Amino acid sequence: MTHQYPTLKGLAVKTKLLSSTVSILAIAATTATASATPPEVHHLLPNAPRTVVVLETATPPIIRAGLLQSTLIMLPAEEKVATVFGGDTVDWVFDGGHVASRFISIKPKLANSTTDVHIVSDHGNEYTLQLHEISDDPDPHFDSKVFLTPGEQSAKDKLTQMPVFVPAPSRSFKPSSTT
């Protein structure tokens with residue numbers, strides 16, 4: 001039995017064919033990638049300010065938030081924020097400022113995330129909202145400013161009364177002394 005070994009000429013031809021095939025495949029892959037449609041840029045657009053009626057007995061209203069955009073939540077003029085509880089405090093930022101006010105800023109840090117937020121006012125009213133980040137939504141409009149108003153009469157009546165929760169004095173506060 002004799003073995004036939006490839007000749008140098010045969011090896012050179014096979015090497016050139018293999019090299020040509022790899023080059024053609026690389027060019028085809030590059031062309032296919034270059035001709036693919038680039039992903040559509042999703043430009044977010046702010047909605048006009050809107051008023052949301054919050055009912056304790058209804059499903060929480062949805063607030064549309066834009067990635068890295070701030071949405072300002074405003075309590076009625078008679079109220080101030082006593083405390084805020086957020087479901088997801090890792091992917092969402094809730095900021096009420098450093099002084100008692102009626103304003104809360106919310107900002108999602110993660111695309112397509114959702115969470116809830118519960119706001120308790122100094123008058124004892126509770127507002128629950130469902131927050132949705134809208135990056136994949138076909139409608140690019142997000143809520144830039146949302147005015148909250150209580151829906152139940154009992155909550156509206158609380159607005160005419162004195163606050164239930166009064167912020168504690170700051171640590172630098174010193175009561176005046178009488179001499």
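Residues numbered from 1 in each chain as written. Predicted model: local features only at pLDDT ≥ 70, side-chain atom pairs only at ≥ 80, totals over all residues. Heavy atoms only, no water.

## Here we look at the environment of Gln130
And then number 1: Within the secondary structure, Gln130 is located in strand β9 (residues 126-133).
And then number 2: What makes Gln130 partly exposed here is its relative accessible area of 25%.
And then number 3: Separated by 68 residues in the primary sequence, Gln130 and Ile62 place their C-alpha atoms 4.7 Å from one another.
And then number 4: Residue contacts for Gln130: discarding those within four places in its chain leaves Pro60, Pro61, Ile62, Ile63, Thr114, Thr115 and Asp116. (Helix = DSSP H or I, 4+ residues; strand = E, 2+ residues; numbered from the N terminus. Buried < 20%, exposed > 50% of the residue type's maximum accessible area, 1.4 Å probe, protein only. Contact = heavy atoms within 4.5 Å.)

## Quick notes on the sheet that holds β9
And then number 1: Reading across from one edge, β3-β9-β8-β5 is the order of the four strands in this open sheet, with mixed pairing throughout. Either end of the sheet is taken by a strand with one partner, and the two such strands are β3 (62-65) and β5 (81-86). With strand direction ignored, the average angle separating the axes of adjacent strands in the sheet is 30°. (Pairing = 2+ DSSP bridges. Axes fitted to C-alpha atoms, helices over the stretch in contact; angles between N-to-C directions.)

## Observations regarding the sheet that holds strand β4 (residues 71-74)
And then number 1: Spatially, the five strands line up as an open sheet ordered β2-β11-β4-β7-β6, and their pairing is mixed. The sheet terminates laterally at β2 (50-54) and β6 (92-95), the two strands that pair on one side only. Direction aside, the axes of adjacent strands within the sheet are offset by 25° on average.
And then number 2: Here β2 pairs with strand β11 (residues 145-150) via five bridges, running parallel. Looking at the pairing, Val54 lines up with Pro150 of β11.

## Some thoughts on the nonpolar core
And then number 1: Within the largest apolar cluster, 17 residues are counted, with the highest numbers of intra-cluster contacts made by Ile63, Ile73, Ile106, Ile119, Leu129, Leu131 and Leu148.
And then number 2: Within the residue set of this core, elements represented by two or more residues are β2, β3, β7 (103-108), β8 (114-121), β9 and β11.
And then number 3: At three residues, the largest contribution of residues to this core is made by β9. (Core = buried A, V, L, I, M, F, W, Y, C linked by side-chain atoms within 4.5 Å.)

## Looking at the pattern of salt bridges
And then number 1: Considering all chains together, one arrives at three salt bridges under this definition.
And then number 2: Close ionic contact of Arg50 with Asp143 constitutes a salt bridge, the shortest N to O distance being 3.0 Å. Of the two residues, Arg50 is situated in strand β2 and Asp143 in the loop between β10 (141-142) and β11; the sequence distance between them amounts to 93 residues.
And then number 3: Since its relative accessible area comes to 30%, Arg50 is described here as partly exposed.
And then number 4: The class for Asp143 is buried, based on a relative accessible area of 2%.
And then number 5: Asp137 serves as the salt-bridge partner of Arg64, at 2.9 Å between the closest nitrogen and oxygen. (Salt bridge = Lys/Arg side-chain N within 4 Å of Asp/Glu carboxyl O.)

Such coordinate-based values are descriptive only and should not be taken to indicate function.
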